[in-house]
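# Residue-level structural notes
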There are 2 protein chains.
Amino acid sequence: MTFQTNLSASQKMPEAEAFAVILAGGGGTRLWPASRRKRPKQLLHLGGGESLLEAAVRRARALFGEGHTLVVTAADQEEQIRRELPDLPPGDIVVEPEPRNTAAAVGLGAAEAYRRRGPGALLAVLPADPHIGDEAAFAAAIRTALSHAGEAIVTIGLQPTHPETGFGYIRRGAAVAGSSDTFAVDAFVEKPTREVAESYVASGAYLWNSGMFFLSAGRMLEEARRHLPALGAILDAAIAAGDFRAAVQASYGKAPKISIDHGIMEKAGGLRVVPGAFGWNDVGSWAAVPALRTPDARGNVVIGDATLIEGDGNIVVADDGAPFVSVLGVRDLVVVATRDAILVIPKDRAQDVKRIVEAVGQAGRRDLL
Amino acid sequence: MTFQTNLSASQKMPEAEAFAVILAGGGGTRLWPASRRKRPKQLLHLGGGESLLEAAVRRARALFGEGHTLVVTAADQEEQIRRELPDLPPGDIVVEPEPRNTAAAVGLGAAEAYRRRGPGALLAVLPADPHIGDEAAFAAAIRTALSHAGEAIVTIGLQPTHPETGFGYIRRGAAVAGSSDTFAVDAFVEKPTREVAESYVASGAYLWNSGMFFLSAGRMLEEARRHLPALGAILDAAIAAGDFRAAVQASYGKAPKISIDHGIMEKAGGLRVVPGAFGWNDVGSWAAVPALRTPDARGNVVIGDATLIEGDGNIVVADDGAPFVSVLGVRDLVVVATRDAILVIPKDRAQDVKRIVEAVGQAGRRDLL
C-alpha cells in the first residue's frame, strides 16, 4: 500500500512507499500515580477516552495506511501494547528484546521497513506520547517533511509557544532551495537555561526538537553503520536473517544505548527542518492535561468518578478502580487517584511528582512505582 | 461497687452509687469519608490509636468503676459497639431498638441504673464523642457535678474559648449557697449568631452547653413522667418488667423523638451548672484533628499510610485499606482517604464536608454515605 494522501497539487508527493515508525517503548512516571514504570503515559485511558498511543496509531494509519504503521516497543510492554492495539496486524508491532534507547529502536523499525520494501522505503519516526491538537496541520507538516525524506534527513521543529527549559532546540538556517517551508538545520542545541530559552524564542530562529525524523530506511542503515557500527551490524544481520525476530533477540543486547538525537542526528549532515505548529503537547506533567481537554467555565478538568464543588483551575482525575474523589473549594490543584495511590500537588509544582516517586521508592514501596 | 474517687477532703462525696451513662447512639458524617451514617466518629481509629468511644469508656471506668459504666447505643450500631468494647460486661451496653434521640436514650440508661440500684442511683450522662485534653480537670468537674446530683439536676458548662456559633450556650446565675464552683442555671440559649456569640464570650456569664448532665435515676424518671409522659410510661413499664429488653423492644417505638435538652432540661427547675475547662473538643470537623494530635514542626498532622513533602498546616489521613496518599507543597488542606472515597478540602472550609455528603447522596451513591 502506498502513502495515503490528500495532497493539494502544489505539494510534492514522495515517490517511494512510506512507513510510520511509532516509538512506544518508553516507561514513565511523570503522570504518576496513573503512569508507572510499566504503564507509560501513552497507554493511559484517562476518563475512558482514546489513549495517546491509540491516537498516534489512528493518525498514522490515516496517513500511511494499513500495513504501513509500525509500532516499536520493548518486550516488557509488548503484551499491553498488543492488548491496546488489537486491530494492528501483529507483525507490525516490532519488539525490542530489551529497551536500548531510541537509536536502536529506530534502527529496528528501519530494518523492518527495509525488509518489506527495500532501502527506498521512507520512514516517519514519531513518538507515541505527544498529544496533537490540530491533526490537519500535523498531517500537512508530515507530508512536507516526507517530500524531502528521499534526499535528506528531515525533522519537524515545533514553533515555541513559551521559553521552555525542558526541551532541546533546533537552530534553523536558510530555506532549502525551491522551498518556502523547509530549512537547513544549523544546529541541535541542548536544553537551555531560562534566560537562554527566552533569547531563543525572541530570535525566531529556534524551534523545539520534536523527536520526529523523516528519512529513508537505507539512509538510516548507512548512518547507523557510520556512527553506531555495532548497531549497524546488528541491523544488517537481522535484515539478512531468515528469522528477523530471532536474529534481533540474539544480538540486540549489544546495541549501544544512545538516543537517535545524540547517536545519529547530531552527527549526520545536510539535515532539514520543517517548522510545525499543530498544538503539540508532550503531556510532560499533570499541568498539561487541561490543554488536552476542554476545561469547565472555572478552568477545572474532572475525569472519572469524581465530584468537584466550587473549585477553580483544578485537575481532578479518578482512574478506573480508584475510590470516589471529592474536592471542594480548592484552587489550581492536581488531585489524582488510582486503585492504590493518591496524589495531591499544586498545578505549578506538577513537575515535582518525581520527588514523590523518589520518596515512594526510598520507602521501599516498589509496588507503587 | 461504689463511686470510685480520689476526692480531697473539701469535696462533698455523693452518698449514693453513681453510673456513667455514655450516649453512643449517634451517627454522623462530619468526618466523612472516615465517618459514615453507620460508622460514627466515636468509633474512628485514626492511625490505630484509641477511638473517642474507647477513651470515653476508659475515663468513665476509672471514675465509676467496673459495672457502673453503661453505654447506650442503637440496635443498628450494637454489633460494632460490642466489637469496639470487648471488655465491657455485655449487660452494660443498653440497646435502643431504634434511635429516638437523647431524651429516650438517657431514659433507658436511667431505667437500667434504677433497676440495679433504685431511684437514688446517680447518673453522669456523657456524650461518647468529645475529646478531652485534660482528663484530671475533667474528672474533678464530674466529681463536683455529682456532689450536687442528689439534690438537683446539674450540668457542666464549658468555658468558651472562642465565639462559637455551632453550640448552644448556658447563662449562669448566682453561685449556689455554700459553693464557689457551682452556679444556678439562668437559661439555656440557642446557637447564637456570630455577633451574639461574641457578646456572650465578652460577658463572661455564658458557657457552652456540653451535653453532660448529672441527676439521680429517680429524678430522671420524675421529669420524664412530667414532661414526656409517653417516655415516662415506657420507662416505668420496663423497670417493672421481668424482661427489660423485651419490654423496651415492645414499646420504644412510641417514645417521643426529642433531645434531653429540649425535652427535659429546659423545662426542669433548679438546674445548676459547674463551669469546666478541660480541653473539651467535639471534633466537629477535620479542622479539629490537629488539637487531638501533636502536629509536626510545620503544623501538619499525618495519620496512616501517607507521605507529605513540603507542606504546612495540613491534615492528611489514610484510613486502613485506603490507597497510599502522597501530598506535596500544599498548605492548610485536609486530605482524607478511605478504601472507597477521598476528600480534599481547605481546612477553613472543613464544615462544608456536609455539602459533599449531600452531593454524594444526590448522585445516588448511598454506598458512600
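Above this text you will find the structure in question.
Since this is a predicted model, take the numbers as computed values, not measurements. The numbers attached to residues start from 1 for each chain and follow its sequence in the written order. The lettering of chains begins at A and the numbering of ligands begins at 1, in the order of writing. Note on the predicted model: pLDDT of at least 70 is required for a residue's local features to be given, and 80 or more for side-chain atom pairs to be given and counted; whole-chain, interface and lining totals, by contrast, use all residues. The basis for every side-chain value is the complete set of non-hydrogen atoms in the structure, without hydrogens or water.

Mapped onto the elements, Pro323(B) comes out in the loop between strand E14 (315–318) and strand E15 (324–328). Separated by 18 residues in sequence, Pro323(B) and Ala341(B) have C-alpha atoms that sit 9.8 Å apart. In DSSP terms, a helix is any run of H or I states spanning at least four residues, a strand is any run of E spanning at least two, and both are numbered starting from the N terminus.

As for its placement among the helices and strands, Thr338(B) is situated in the loop between strand E16 (333–337) and strand E17 (341–346). Classification of Thr338(B) by relative accessible area gives buried; the value is 2%. Polar contacts here mean pairs of N or O atoms no more than 3.5 Å apart (in protein, one a potential hydrogen donor and the other a potential acceptor; neighbouring residues in sequence count only if both atoms are side-chain atoms). Of note is the side chain of Thr338(B), whose polar atom sits 3.0 Å from the side chain of Asp340(B). Should any heavy atoms of two residues lie within 4.5 Å, those residues are counted as being in contact. Residues within four places of Thr338(B) in sequence aside, it is in contact with Pro323(A), Pro33(B), Ala34(B), Arg36(B), Asp319(B), Ala322(B) and Pro323(B). Here's how the labels work: a residue is buried when its accessible area is under 20% of the maximum for its type, exposed when over 50%, partly exposed in between, all with a 1.4 Å probe on protein chains only.

What follows is about the pairing of strand E3 (residues 93–96) of chain B. All names here are of chain B. A two-sided burial pattern is seen for E3, the buried positions comprising Ile 93 and Val 95 on one face and Val 94 and Glu 96 on the other. In the sheet, strand E2 (residues 69–74) pairs with E3 via 4 bridges, with the strands oriented parallel. Among the inter-strand pairings, Thr 73 is bridged to a residue of E3, identified as Val 95. Handedness of a crossover is defined as follows: orient the strands so they point away from the viewer, and if the path from the first strand over the helix to the second runs clockwise, the crossover is right-handed. Chirality of the crossover, the property in question, places the unit of E2, helix H2 (residues 75–84) and E3 among those that are right-handed. Any two strands between which DSSP finds at least two bridges are classified as paired.

Each side of the interface is counted separately: chain B has 32 residues, and chain A has 32 residues. Accessible-area loss on putting two parts together, using a 1.4 Å probe and summing over both, is the definition of buried area adopted here. For the pair chain B and chain A, the two sides together bury roughly 2,500 Å², of which 64% comes from carbon and sulfur. Three residues, Phe324(B), Leu328(B) and Ile342(B), lead the burial of chain B against chain A; their summed loss comes to 27% of the area buried on that side. Any Lys or Arg side-chain nitrogen found within 4 Å of a carboxyl oxygen on Asp or Glu counts as a salt bridge. Our count for the chain B to chain A interface comes out at 6 salt bridges.

Moving on, we get to helix H6 (residues 217–227) of chain A. What H6(A) keeps buried is the set Ala217(A), Gly218(A), Arg219(A), Met220(A), Leu221(A), Glu223(A) and Ala224(A). Turning to H6(A), the residues buried within the fold contact helix H3 (101–117), strand E4 (122–127), strand E9 (206–216), helix H7 (229–240) and helix H9 (260–265) of chain A.

Attention now moves to the packing of aromatic side chains. Aromatic rings from Phe, Tyr and Trp, with only the six-membered ring used for Trp, were paired whenever their centres fell within 6.5 Å, and each pair was classed as stacked if the ring planes differed by under 30 degrees, edge-to-face if by over 60, and tilted otherwise. All chains considered together, the criterion is met by 12 aromatic pairs over all chains. Measuring from centroid to centroid gives 5.0 Å for Phe167(B) and Trp208(B), while their planes differ by 75 degrees, and the two rings are edge-to-face. Of this pair, Phe167(B) sits in the loop between strand E6 (154–158) and strand E7 (169–175) while Trp208(B) sits in strand E9 (residues 206–216), placing them 41 residues apart in sequence. Trp208(B) carries the same exposure label as Phe167(B), and that label is buried. By way of ring pairs, the aromatic residues Phe167(A), Trp208(A) and Trp280(A) are connected into one cluster.

It is worth stressing that arrangement in space is one thing and function is another; only the former is reported here.
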